[in-house]
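Residue-level structure breakdown
The lines below spell out each chain.
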Amino acid sequence: MHALRNAGVAVLYQDRDLKMVWGRNMRAPWVSSDGEAGQNMLPAAQAERLDMARRKVVATGKTERFEIGMPAEDGMRWFEIWVDADLDDSGAVKGIVTTKVETTEQKRREQTLRTLLREVSHRSKNLLAIIQGIASQTGRYSDGIADFLTRFRGRLQSLASSQDLVTSSNWRGARLRELVAGQVGRYGPDPVNSLRFEGANPFLNPNAALHIGLAMHELAVNSVSYGALSRPDGFVEVVAGLEGEPDDLSLSLAWHERIAPHKQPKNGKRFGSVALERVVPASLNGAAKLDIGNDRLDYSLTVPHGNFEID
(Lines give C-alpha, C1' and ligand atoms only; values in the text may rest on other atoms or scores of the structure.)
Protein backbone atom coordinates (compact mmCIF):
# COMPACT_ATOMS: atom_id res chain seq x y z
CA MET A 1 0.00 0.00 0.00
CA HIS A 2 2.80 2.42 0.89
CA ALA A 3 4.73 1.51 -2.26
CA LEU A 4 1.67 1.99 -4.48
CA ARG A 5 0.81 5.32 -2.90
CA ASN A 6 4.37 6.64 -3.01
CA ALA A 7 4.80 5.57 -6.62
CA GLY A 8 1.44 7.03 -7.64
CA VAL A 9 0.27 3.69 -9.08
CA ALA A 10 -3.45 2.89 -9.11
CA VAL A 11 -4.60 -0.76 -9.21
CA LEU A 12 -8.14 -2.03 -9.77
CA TYR A 13 -9.27 -5.68 -9.64
CA GLN A 14 -12.51 -6.69 -11.40
CA ASP A 15 -14.25 -10.00 -11.91
CA ARG A 16 -15.21 -11.45 -15.29
CA ASP A 17 -18.32 -9.26 -15.36
CA LEU A 18 -16.15 -6.17 -14.76
CA LYS A 19 -17.57 -5.63 -11.29
CA MET A 20 -15.12 -4.06 -8.88
CA VAL A 21 -13.65 -6.45 -6.29
CA TRP A 22 -11.03 -4.13 -4.81
CA GLY A 23 -9.01 -1.03 -5.68
CA ARG A 24 -5.86 0.53 -4.32
CA ASN A 25 -4.72 4.15 -4.56
CA MET A 26 -7.75 5.03 -6.66
CA ARG A 27 -7.93 8.76 -7.29
CA ALA A 28 -9.45 11.03 -9.90
CA PRO A 29 -10.06 10.37 -12.73
CA TRP A 30 -10.43 6.71 -11.71
CA VAL A 31 -13.15 7.30 -9.13
CA SER A 32 -16.50 9.01 -9.54
CA SER A 33 -17.69 12.01 -7.58
CA ASP A 34 -19.28 9.70 -4.97
CA GLY A 35 -16.03 7.78 -4.47
CA GLU A 36 -17.01 4.67 -6.46
CA ALA A 37 -14.38 3.29 -8.81
CA GLY A 38 -15.50 3.50 -12.40
CA GLN A 39 -15.10 5.28 -15.70
CA ASN A 40 -17.59 8.11 -15.44
CA MET A 41 -14.87 10.72 -14.83
CA LEU A 42 -13.06 9.80 -18.07
CA PRO A 43 -13.93 11.35 -21.43
CA ALA A 44 -16.40 9.14 -23.28
CA ALA A 45 -13.91 8.04 -25.95
CA GLN A 46 -11.27 7.07 -23.38
CA ALA A 47 -13.81 5.28 -21.18
CA GLU A 48 -14.97 3.24 -24.16
CA ARG A 49 -11.41 2.39 -25.11
CA LEU A 50 -10.63 1.20 -21.58
CA ASP A 51 -13.83 -0.85 -21.41
CA MET A 52 -13.10 -2.55 -24.75
CA ALA A 53 -9.56 -3.41 -23.61
CA ARG A 54 -10.88 -5.01 -20.42
CA ARG A 55 -13.46 -7.08 -22.27
CA LYS A 56 -10.79 -8.21 -24.74
CA VAL A 57 -8.56 -9.40 -21.88
CA VAL A 58 -11.52 -11.31 -20.35
CA ALA A 59 -12.10 -12.97 -23.72
CA THR A 60 -8.48 -13.75 -24.67
CA GLY A 61 -6.48 -13.73 -21.43
CA LYS A 62 -3.81 -11.66 -23.17
CA THR A 63 -2.40 -8.45 -21.67
CA GLU A 64 -3.42 -5.12 -23.18
CA ARG A 65 -1.17 -2.09 -22.80
CA PHE A 66 -1.89 1.41 -24.09
CA GLU A 67 -1.75 5.11 -23.28
CA ILE A 68 -4.58 7.55 -22.78
CA GLY A 69 -4.71 11.31 -22.42
CA MET A 70 -7.40 13.56 -21.06
CA PRO A 71 -7.78 17.33 -20.71
CA ALA A 72 -7.25 18.97 -17.32
CA GLU A 73 -7.17 22.51 -15.96
CA ASP A 74 -3.39 22.79 -16.38
CA GLY A 75 -3.18 20.91 -19.69
CA MET A 76 -3.34 17.26 -20.71
CA ARG A 77 -2.92 14.42 -18.22
CA TRP A 78 -1.38 11.20 -19.53
CA PHE A 79 -1.59 7.64 -18.16
CA GLU A 80 0.06 4.34 -19.06
CA ILE A 81 -2.48 1.52 -18.72
CA TRP A 82 -1.91 -2.25 -18.30
CA VAL A 83 -4.83 -4.67 -18.25
CA ASP A 84 -3.74 -8.18 -17.16
CA ALA A 85 -5.72 -11.37 -16.77
CA ASP A 86 -5.90 -13.15 -13.40
CA LEU A 87 -5.91 -16.86 -14.28
CA ASP A 88 -6.98 -19.80 -12.17
CA ASP A 89 -5.10 -23.09 -11.98
CA SER A 90 -6.74 -24.30 -15.17
CA GLY A 91 -5.75 -21.18 -17.11
CA ALA A 92 -9.24 -19.72 -17.22
CA VAL A 93 -9.72 -16.00 -16.65
CA LYS A 94 -11.31 -15.37 -13.28
CA GLY A 95 -10.70 -11.61 -13.16
CA ILE A 96 -8.63 -8.76 -14.51
CA VAL A 97 -6.15 -6.33 -12.96
CA THR A 98 -5.93 -2.78 -14.35
CA THR A 99 -2.77 -0.88 -13.45
CA LYS A 100 -2.56 2.85 -14.13
CA VAL A 101 0.58 4.97 -13.90
CA GLU A 102 0.43 8.71 -14.53
CA THR A 103 3.11 9.82 -16.99
CA THR A 104 2.10 13.48 -17.29
CA GLU A 105 5.39 14.89 -15.99
CA GLN A 106 7.40 12.58 -18.22
CA LYS A 107 5.30 13.65 -21.22
CA ARG A 108 5.82 17.30 -20.38
CA ARG A 109 9.56 16.80 -20.05
CA GLU A 110 9.62 15.06 -23.43
CA GLN A 111 7.63 17.88 -25.01
CA THR A 112 9.94 20.46 -23.44
CA LEU A 113 12.98 18.57 -24.71
CA ARG A 114 11.54 18.41 -28.24
CA THR A 115 10.82 22.14 -28.11
CA LEU A 116 14.36 22.86 -26.90
CA LEU A 117 15.88 20.69 -29.63
CA ARG A 118 13.85 22.50 -32.29
CA GLU A 119 14.98 25.81 -30.80
CA VAL A 120 18.63 24.69 -30.77
CA SER A 121 18.32 23.57 -34.39
CA HIS A 122 16.73 26.88 -35.39
CA ARG A 123 19.32 28.98 -33.59
CA SER A 124 22.19 26.85 -34.87
CA LYS A 125 21.03 27.45 -38.44
CA ASN A 126 20.80 31.18 -37.74
CA LEU A 127 24.29 31.17 -36.25
CA LEU A 128 25.69 29.28 -39.24
CA ALA A 129 24.04 31.81 -41.57
CA ILE A 130 25.68 34.65 -39.64
CA ILE A 131 29.07 32.91 -39.82
CA GLN A 132 28.64 32.32 -43.55
CA GLY A 133 27.89 36.00 -44.08
CA ILE A 134 30.86 37.07 -41.97
CA ALA A 135 33.19 34.71 -43.86
CA SER A 136 32.00 36.00 -47.22
CA GLN A 137 32.26 39.68 -46.31
CA THR A 138 35.57 39.24 -44.46
CA GLY A 139 37.04 37.60 -47.55
CA ARG A 140 35.73 40.42 -49.72
CA TYR A 141 37.45 43.11 -47.65
CA SER A 142 40.67 41.24 -46.78
CA ASP A 143 44.07 41.90 -48.34
CA GLY A 144 45.13 38.25 -48.34
CA ILE A 145 44.74 34.90 -46.62
CA ALA A 146 46.69 35.97 -43.52
CA ASP A 147 44.62 39.13 -43.14
CA PHE A 148 41.43 37.11 -43.69
CA LEU A 149 42.32 34.51 -41.05
CA THR A 150 43.22 37.15 -38.45
CA ARG A 151 39.99 39.09 -38.92
CA PHE A 152 37.77 36.02 -39.30
CA ARG A 153 39.13 34.41 -36.11
CA GLY A 154 38.48 37.61 -34.18
CA ARG A 155 34.87 37.76 -35.40
CA LEU A 156 34.30 34.11 -34.58
CA GLN A 157 35.64 34.71 -31.07
CA SER A 158 33.27 37.67 -30.76
CA LEU A 159 30.31 35.47 -31.72
CA ALA A 160 31.49 32.77 -29.31
CA SER A 161 31.70 35.29 -26.47
CA SER A 162 28.16 36.54 -27.15
CA GLN A 163 26.90 32.98 -27.57
CA ASP A 164 28.29 32.04 -24.16
CA LEU A 165 26.13 34.74 -22.58
CA VAL A 166 23.09 33.52 -24.51
CA THR A 167 23.49 29.87 -23.52
CA SER A 168 24.23 30.71 -19.88
CA SER A 169 20.80 32.36 -19.72
CA ASN A 170 19.06 29.24 -21.11
CA TRP A 171 18.83 30.88 -24.54
CA ARG A 172 16.95 33.94 -23.28
CA GLY A 173 19.68 36.30 -24.45
CA ALA A 174 22.13 38.61 -22.70
CA ARG A 175 22.31 41.80 -20.66
CA LEU A 176 23.48 44.76 -22.74
CA ARG A 177 26.05 46.01 -20.21
CA GLU A 178 27.58 42.54 -19.77
CA LEU A 179 27.69 42.05 -23.54
CA VAL A 180 29.41 45.39 -24.20
CA ALA A 181 31.86 44.93 -21.32
CA GLY A 182 32.79 41.46 -22.56
CA GLN A 183 33.55 42.65 -26.10
CA VAL A 184 35.48 45.79 -25.09
CA GLY A 185 37.30 44.00 -22.26
CA ARG A 186 38.86 41.55 -24.70
CA TYR A 187 40.77 44.40 -26.40
CA GLY A 188 41.06 47.30 -23.96
CA PRO A 189 44.46 47.90 -22.31
CA ASP A 190 42.71 48.23 -18.94
CA PRO A 191 39.46 46.17 -18.81
CA VAL A 192 38.24 48.05 -15.74
CA ASN A 193 38.77 51.60 -17.05
CA SER A 194 38.59 51.08 -20.82
CA LEU A 195 34.79 51.27 -20.84
CA ARG A 196 32.46 53.88 -19.38
CA PHE A 197 28.92 52.56 -19.68
CA GLU A 198 25.89 54.65 -18.80
CA GLY A 199 22.12 54.28 -19.03
CA ALA A 200 19.66 51.45 -19.53
CA ASN A 201 20.61 47.79 -19.29
CA PRO A 202 17.89 45.82 -21.12
CA PHE A 203 17.88 42.08 -21.74
CA LEU A 204 18.67 41.47 -25.42
CA ASN A 205 17.17 38.50 -27.23
CA PRO A 206 19.65 36.00 -28.75
CA ASN A 207 19.64 37.49 -32.26
CA ALA A 208 20.14 41.02 -30.93
CA ALA A 209 22.89 39.84 -28.58
CA LEU A 210 24.88 38.25 -31.41
CA HIS A 211 24.58 41.22 -33.76
CA ILE A 212 25.13 43.97 -31.18
CA GLY A 213 28.06 41.93 -29.88
CA LEU A 214 29.47 41.91 -33.43
CA ALA A 215 29.05 45.70 -33.66
CA MET A 216 30.85 46.18 -30.33
CA HIS A 217 33.62 43.87 -31.53
CA GLU A 218 34.16 45.87 -34.73
CA LEU A 219 34.22 49.15 -32.81
CA ALA A 220 36.62 47.74 -30.21
CA VAL A 221 39.02 46.33 -32.83
CA ASN A 222 38.99 49.62 -34.71
CA SER A 223 39.59 51.50 -31.46
CA VAL A 224 42.59 49.31 -30.59
CA SER A 225 44.08 50.02 -34.03
CA TYR A 226 43.18 53.67 -34.55
CA GLY A 227 41.27 55.06 -31.57
CA ALA A 228 41.08 55.54 -27.84
CA LEU A 229 41.97 51.97 -26.89
CA SER A 230 45.32 52.30 -28.69
CA ARG A 231 46.46 54.53 -25.80
CA PRO A 232 47.27 53.16 -22.32
CA ASP A 233 44.91 55.64 -20.67
CA GLY A 234 42.28 55.58 -23.41
CA PHE A 235 38.63 54.74 -22.90
CA VAL A 236 35.37 54.59 -24.83
CA GLU A 237 31.94 55.76 -23.75
CA VAL A 238 28.78 53.72 -24.40
CA VAL A 239 25.44 55.30 -23.57
CA ALA A 240 22.16 53.36 -23.74
CA GLY A 241 18.72 54.91 -23.51
CA LEU A 242 15.08 53.91 -23.92
CA GLU A 243 12.84 56.09 -26.05
CA GLY A 244 9.16 56.11 -26.96
CA GLU A 245 5.94 54.96 -25.30
CA PRO A 246 6.01 52.18 -22.64
CA ASP A 247 4.44 49.66 -25.04
CA ASP A 248 6.59 50.71 -28.01
CA LEU A 249 10.06 51.43 -26.65
CA SER A 250 13.19 51.52 -28.73
CA LEU A 251 16.77 51.18 -27.54
CA SER A 252 19.25 53.87 -28.54
CA LEU A 253 22.88 52.82 -28.24
CA ALA A 254 25.73 55.28 -28.76
CA TRP A 255 29.50 54.72 -28.84
CA HIS A 256 31.82 57.73 -28.42
CA GLU A 257 35.61 57.92 -28.43
CA ARG A 258 38.45 60.28 -29.25
CA ILE A 259 40.76 59.22 -32.07
CA ALA A 260 44.11 60.40 -33.35
CA PRO A 261 43.80 61.85 -36.89
CA HIS A 262 47.06 60.33 -38.12
CA LYS A 263 45.86 56.84 -37.12
CA GLN A 264 42.65 56.79 -39.16
CA PRO A 265 42.50 54.01 -41.82
CA LYS A 266 43.39 55.20 -45.32
CA ASN A 267 41.89 52.40 -47.42
CA GLY A 268 38.21 53.37 -47.44
CA LYS A 269 35.31 51.03 -46.68
CA ARG A 270 36.04 47.75 -44.91
CA PHE A 271 33.82 45.06 -43.48
CA GLY A 272 33.80 46.78 -40.08
CA SER A 273 32.01 49.86 -41.37
CA VAL A 274 29.74 47.77 -43.60
CA ALA A 275 28.74 45.65 -40.59
CA LEU A 276 28.14 48.71 -38.43
CA GLU A 277 26.13 50.69 -40.97
CA ARG A 278 24.31 47.93 -42.88
CA VAL A 279 24.57 44.36 -41.57
CA VAL A 280 23.80 44.92 -37.87
CA PRO A 281 20.91 47.43 -38.24
CA ALA A 282 19.33 45.39 -41.06
CA SER A 283 19.43 42.24 -38.91
CA LEU A 284 17.62 44.07 -36.09
CA ASN A 285 15.19 46.09 -38.27
CA GLY A 286 16.87 49.17 -36.83
CA ALA A 287 18.95 52.09 -38.02
CA ALA A 288 22.57 53.11 -37.53
CA LYS A 289 24.98 55.94 -38.25
CA LEU A 290 28.78 55.94 -38.17
CA ASP A 291 30.44 59.36 -38.01
CA ILE A 292 34.25 59.63 -38.11
CA GLY A 293 35.59 63.16 -37.62
CA ASN A 294 39.06 64.58 -37.28
CA ASP A 295 39.38 63.65 -33.63
CA ARG A 296 36.22 61.69 -32.76
CA LEU A 297 34.38 58.54 -33.73
CA ASP A 298 30.66 58.35 -32.96
CA TYR A 299 28.38 55.42 -33.67
CA SER A 300 24.66 55.31 -32.96
CA LEU A 301 22.33 52.34 -33.25
CA THR A 302 18.56 52.34 -32.80
CA VAL A 303 17.00 48.97 -31.94
CA PRO A 304 13.21 48.35 -32.02
CA HIS A 305 11.49 46.89 -28.97
CA GLY A 306 11.08 43.38 -30.37
CA ASN A 307 14.79 42.81 -29.85
CA PHE A 308 14.92 43.33 -26.08
CA GLU A 309 12.99 43.12 -22.80
CA ILE A 310 12.72 45.43 -19.81
CA ASP A 311 12.47 43.95 -16.31
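Residues numbered from 1 in each chain as written. Predicted model: local features only at pLDDT ≥ 70, side-chain atom pairs only at ≥ 80, totals over all residues. Heavy atoms only, no water.

The secondary structure content of the chain amounts to seven helices and 13 strands. For the chain, whose C-alpha radius of gyration is 32 Å, the value lies well above the compact-globule estimate of 19 Å for 311 residues. Burial analysis of the chain (311 residues in total) assigns 38% to the buried set. For the chain, the accessible area works out to roughly 17000 Å², and carbon and sulfur atoms hold 51% of it. Distance between charge centroids for the chain: 5 Å, based on 39 positive and 39 negative side chains. (Helix = DSSP H or I, 4+ residues; strand = E, 2+ residues; numbered from the N terminus. Rg over C-alpha atoms; globule rule 2.2 N^0.38 Å. Buried < 20%, exposed > 50% of the residue type's maximum accessible area, 1.4 Å probe, protein only. Areas by Shrake-Rupley, 256 points an atom, 1.4 Å probe, with all protein chains shown as cover. Lys, Arg positive; Asp, Glu negative; His and termini not counted. Charge placed at Lys NZ, Arg CZ, Asp CG, Glu CD.)

With that out of the way, let us pick up the sheet that holds strand β13 (residues 308-309). What the three strands build is an open sheet, ordered β6-β8-β13; its pairing is antiparallel. Each edge of the open sheet carries a strand with a single partner, namely β6 (174-175) and β13. In this structure, strand β8 (residues 203-204) lies alongside β13, joined through two bridges in antiparallel fashion. Residue leucine 204 lies in a different strand from β13, and its bridge partner there is phenylalanine 308. (Pairing = 2+ DSSP bridges.)

Once that is clear, we can look at helix α2 (residues 44-60). Spanning 17 residues, α2 covers 24 Å between terminal C-alpha atoms, matching the ideal 24 Å at 1.5 Å per step. Where α2 is concerned, the buried positions are Gln46, Ala47, Leu50, Ala53, Arg54, Val57 and Val58. For α2, the angular spread of the buried residues around the axis is 140°, confining them to a single face. Those residues of α2 that are exposed and angled more than 90 degrees off the buried face are Ala44, Ala45, Glu48, Met52, Arg55 and Ala59. (Expected span 1.5 Å × (residues − 1). Arc of directions from axis to C-beta.)

Our focus in this paragraph is the packing of aromatic side chains. Scanning the model with the defined rule gives two aromatic pairs in all. Ring geometry for tyrosine 13 versus tryptophan 22: centroids 5.7 Å apart, planes at 10°, classification stacked. For tryptophan 22, a relative accessible area of 33% translates into the label partly exposed. Judged by centre distance (5.3 Å) and plane angle (10°), the ring pair of phenylalanine 148 and phenylalanine 152 falls under stacked. On the criterion of helical spacing, the pair formed by phenylalanine 148 and phenylalanine 152 is a turn pair, its members being four residues apart in helix α4 (residues 145-168). For phenylalanine 148, a relative accessible area of 18% translates into the label buried. The side chain of arginine 172 reaches across the aromatic face of phenylalanine 203, ending 4.0 Å from its centre. It is arginine 196 that lies over the ring of phenylalanine 235; its NZ or CZ is 3.6 Å from the centre. (Phe/Tyr/Trp six-rings, centres within 6.5 Å; stacked < 30°, edge-to-face > 60°. Lys NZ or Arg CZ within 6 Å of the ring centre and 35° of its normal.)

Let's shift gears to the pattern of salt bridges. On inspection of all chains with the given rule, the structure shows 12 salt bridges. Here arginine 108 makes a salt bridge to aspartate 74, at a shortest N to O gap of 3.5 Å. Of the two residues, arginine 108 sits in helix α3 (residues 104-140) while aspartate 74 sits in the loop between β3 (64-72) and β4 (75-87), which places them 34 residues apart along the sequence. Its relative accessible area of 54% is what places aspartate 74 among the exposed residues. Across the pair arginine 77 and glutamate 102 runs a salt bridge whose closest N-O atoms are separated by 2.9 Å. Residue arginine 77 is found in strand β4, and its partner glutamate 102 is found in strand β5 (residues 93-102); the two are separated by 25 residues along the sequence. Of the residues examined, arginine 77 reaches a relative accessible area of 22% and is grouped as partly exposed. (Salt bridge = Lys/Arg side-chain N within 4 Å of Asp/Glu carboxyl O.)

Angle between the axes and distance between the axes: these two values describe a pair of packed helices. Two elements in contact, α3 and α4, have axes whose closest approach is 10 Å; the angle formed by their N-to-C orientations is 155°. Here α3 lies roughly antiparallel to α4, going by the angle between them. Helix-helix and strand crossings are classified by hand; for α3 and α4 the assignment is right-handed. On α4, the residues that touch Leu127, Ile130, Ile131, Ile134, Ala135, Thr138 and Gly139 of α3 are Phe148, Arg151, Phe152, Arg155, Leu156, Leu159 and Gln163. When the residues that make up the contact of α3 with α4 are grouped by side-chain class, the tally is nine nonpolar, three polar and two charged. (Axes fitted to C-alpha atoms, helices over the stretch in contact; angles between N-to-C directions. Parallel < 35°, antiparallel > 145°, perpendicular 65-115°, else oblique. Left-handed = near helix turned anticlockwise from the far one by under 90°. Contact = heavy atoms within 4.5 Å. Nonpolar A, V, L, I, M, F, W, Y, C, P; charged D, E, K, R; others polar.)

Okay, the packing of α4 against helix α5 (residues 176-185) next. Two numbers describe how α4 lies on α5: the axes approach to 10 Å, and their chain directions differ by 150°. Judged by the inter-axis angle, α4 sits roughly antiparallel to α5. Once α4 is placed against α5, the crossing between them reads as right-handed. Across the interface between the two elements, Ser158, Ser161, Ser162 and Leu165 from α4 touch Glu178, Leu179 and Gln183 from α5.

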